[in-house]
Structures are given as structure tokens and as C-alpha cells.
Amino acid sequence: MNVPNALTLLRIFFVPLLVAALVSEDVRLEIGPVSISNHLLALLIFLAAAFTDLLDGYLARRWNQITTVGMLLDPVADKLLVSAALISLVYIHSVPAWMAVLIIGREFAVSGLRSIAAAEGYTIAASDLGKTKTATQVLAIALVMASRDNAGLALWAQVALWGTLVFALVSAGDYFLKFWSKLDESIKARRRTELFQLEKERQKAAMRAAVTPKQRNR
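Residues numbered from 1 in each chain as written. Predicted model: local features only at pLDDT ≥ 70, side-chain atom pairs only at ≥ 80, totals over all residues. Heavy atoms only, no water.

(A) Spotlight on the overall build of the protein. Of regular secondary structure, the protein possesses 6 helices and 2 strands. Along the chain direction, N to C, the helices and strands of the protein fall in the order α-β-β-α-α-α-α-α. Taken across its 218 residues, the protein has 34% of its residues classed as buried. Considering only residue pairs separated by 6 or more positions, the protein has 77% of its internal contacts joining residues 24 or more positions apart. Of the accessible surface of the protein, which amounts to about 13,400 Å², a share of 67% is contributed by carbon and sulfur atoms. (Helix = DSSP H or I, 4+ residues; strand = E, 2+ residues; numbered from the N terminus. Buried < 20%, exposed > 50% of the residue type's maximum accessible area, 1.4 Å probe, protein only. Contact = heavy atoms within 4.5 Å. Areas by Shrake-Rupley, 256 points an atom, 1.4 Å probe, with all protein chains shown as cover.)

(B) Layout of the nonpolar core. Ranked by size, the top nonpolar core spans 33 residues in total, and within it L18, L22, F46, L86, L89, I141 and M145 carry the most contacts. If you tally residues by element for this core, the top one is helix α5 (residues 128-147), at 7 residues. Not counting the four nearest positions on each side in its chain, M145 is found in contact with L18, L22, H39, A42, L43, F46, A85 and L89. (Core = buried A, V, L, I, M, F, W, Y, C linked by side-chain atoms within 4.5 Å.)

(C) Fine view of the side chain of S94. Turning to its location among the elements, S94 is positioned in the loop between α3 (68-91) and α4 (97-119). Relative accessible area serves as the criterion here: at 15%, S94 is assigned to the buried category. Among residues more than four places away in sequence, those in contact with S94 are L89, V144, R148 and Q158.

(D) View of the packing of helix α2 (residues 38-62) against α5. At their nearest, the axes of α2 and α5 sit 9 Å apart, and the two run at 165° to each other. With respect to their mutual orientation, α2 and α5 come out roughly antiparallel. Both α2 and α5 take part in a crossing whose hand is left-handed. Contacts between α2 and α5 involve H39, A42, L43, F46, L47 and A50 on the former and, on the latter, V138, I141, A142, M145 and A146. Grouping the amino acids of the contact of α2 with α5 by side-chain chemistry returns 10 nonpolar, 1 polar and no charged. (Axes fitted to C-alpha atoms, helices over the stretch in contact; angles between N-to-C directions. Parallel < 35°, antiparallel > 145°, perpendicular 65-115°, else oblique. Left-handed = near helix turned anticlockwise from the far one by under 90°. Nonpolar A, V, L, I, M, F, W, Y, C, P; charged D, E, K, R; others polar.)

(E) How the structure looks around the side chain of H39. For H39, the position within the fold is in helix α2. With relative accessibility at 8%, the residue H39 sits in the buried group. A polar side-chain atom of H39 sits 3.4 Å from a polar atom in the side chain of R148. Discounting residues that sit within four places of it in the chain, H39 has contacts with L22, M145, R148 and D149. (Polar contact = N/O pair within 3.5 Å; in protein donor to acceptor, adjacent residues only side chain to side chain.)

(F) The environment of I66, seen in detail. With respect to the helices and strands, the residue I66 is situated in the loop between α2 and α3. By relative accessible area, which is 53% here, I66 ends up exposed. Those residues in contact with I66 that lie beyond four places of it in its chain are A60, R61 and M71.

(G) Seen up close, unusual backbone geometry. Of note in this structure, H93 is not a glycine but carries a positive phi near 65°. Position of H93 among the secondary structure elements: in the loop between α3 and α4.

(H) Inspection of α2 at higher detail. Helix length check: α2 (25 residues) gives 36 Å between terminal C-alpha atoms against 36 Å at 1.5 Å per residue, within 8%. Just past α2, the residue N64 takes up positive phi, approximately 55°. (Expected span 1.5 Å × (residues − 1).)

(I) Spotlight on the pattern of salt bridges. Scanning the model with the defined rule gives 5 salt bridges in all. A salt bridge links E107 to R106; its shortest N-O distance comes to 3.2 Å. Residue E107 shares its accessibility class with R106, and that shared class is buried. Here the residues in one salt-bridge network are R11, D53, D56 and D78, joined through shared partners. (Salt bridge = Lys/Arg side-chain N within 4 Å of Asp/Glu carboxyl O.)

Here it is in C-alpha cells:
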């Protein structure tokens, strides 16, 4: 197993640790003179996991270690991390449930569109809107976690959450338009091929019909 794939698996390993840290009630980790709350610990775990997302992609491209396993695991790890974080934050009443449902639903809807497009032979690359959504999403979740111990960040956390929701919906619409365009092109190309084949068959049938009377006259 190469390093990028190991980092992706590490991100998946972080998920249960993140959930445990978030849903624990007033647990503190004492490291010498330093006392770390469960919310701060969850924030550190989440940021470490988000960093592995950046690092594994960078290393895979730099070292030319892009593999099929990595391409399959990476989006799964991302969605597990974000979904686990949002659901846990809903559980502790830090994020509205309807907002989490929309953001998580968008992730799986876009993944479904990409899978269908791939089955048709097309690849829908990540757009700038999608990348902005991802960055805003990480920032929003981190701010919400940090606001549990620092009430002064609560307003910024809410602003970032709303920004994430807006970018999530707008980028989903952008992906849908790209998907529809590719699908429409695919259907039109397939229809043109079918019409071309039908025309060839019609011409062959007409030629056979024209040859048969000549043979009979002989």
C-alpha cells in the first residue's frame, strides 16, 4: 500500500474518534498541565483528517501514485468524515438538522450524477464552485466545533454554515447542468448513430430489391 492510500485509510480511522469526541459530555483530556476539552479534541481530529485529504491528493499526483483503490476510497473517506461530523453536531444541537440533511444529501446526489455520467463514458470534474464549497464546508465545521468552547465564534460559525449551504446548492445545480448537457449529447449521438444504421439498412434493402428483378429477367 502506498502512502497516499494509507493517508486515506487514516482519514477513515479518524471518523469514529471524531464522533466519540463530539458526542462525549464534558470530557477533558489531561496532558500534564494542559487540559483539552472533548470539543477541542474533536476539532484537532477533524483538522488532522482534513489535512490528510489535502496531503494524500498532493502526494499521489507528485509521486505519480494515483491508483484505482485510491480513487474509490478518497471520496468515500471525505463523505464519511463530513457526514459523521455534521450528524454528530446535529446530535449535540450545534447544527440544524435540516441544514445537515441538505448538505449531506447534496454530496450523495452529486456522487450519483458522477457515477451515471461515468457509466455513459463522461467524467465530470470538480468545478471551482465545488472546490469553494469544500473549503467553506471544512471552515464551517471547524468553526462550529471551536464555538463550543468559544461563544464569540458562534456568529462566524453560522455565517460559514450558511455559506456552505449556498455553495452546496449552487454547485449541485452546476453539476446537474453539466450532467444534463453530457447526457443530452450522449443521447443525440446515440440517436444519430441509430438513424445512420437504419439508413444504411434501408439503402441495402433498396439495392437488394433493385437487383432481384434484373436477375429474374435473365
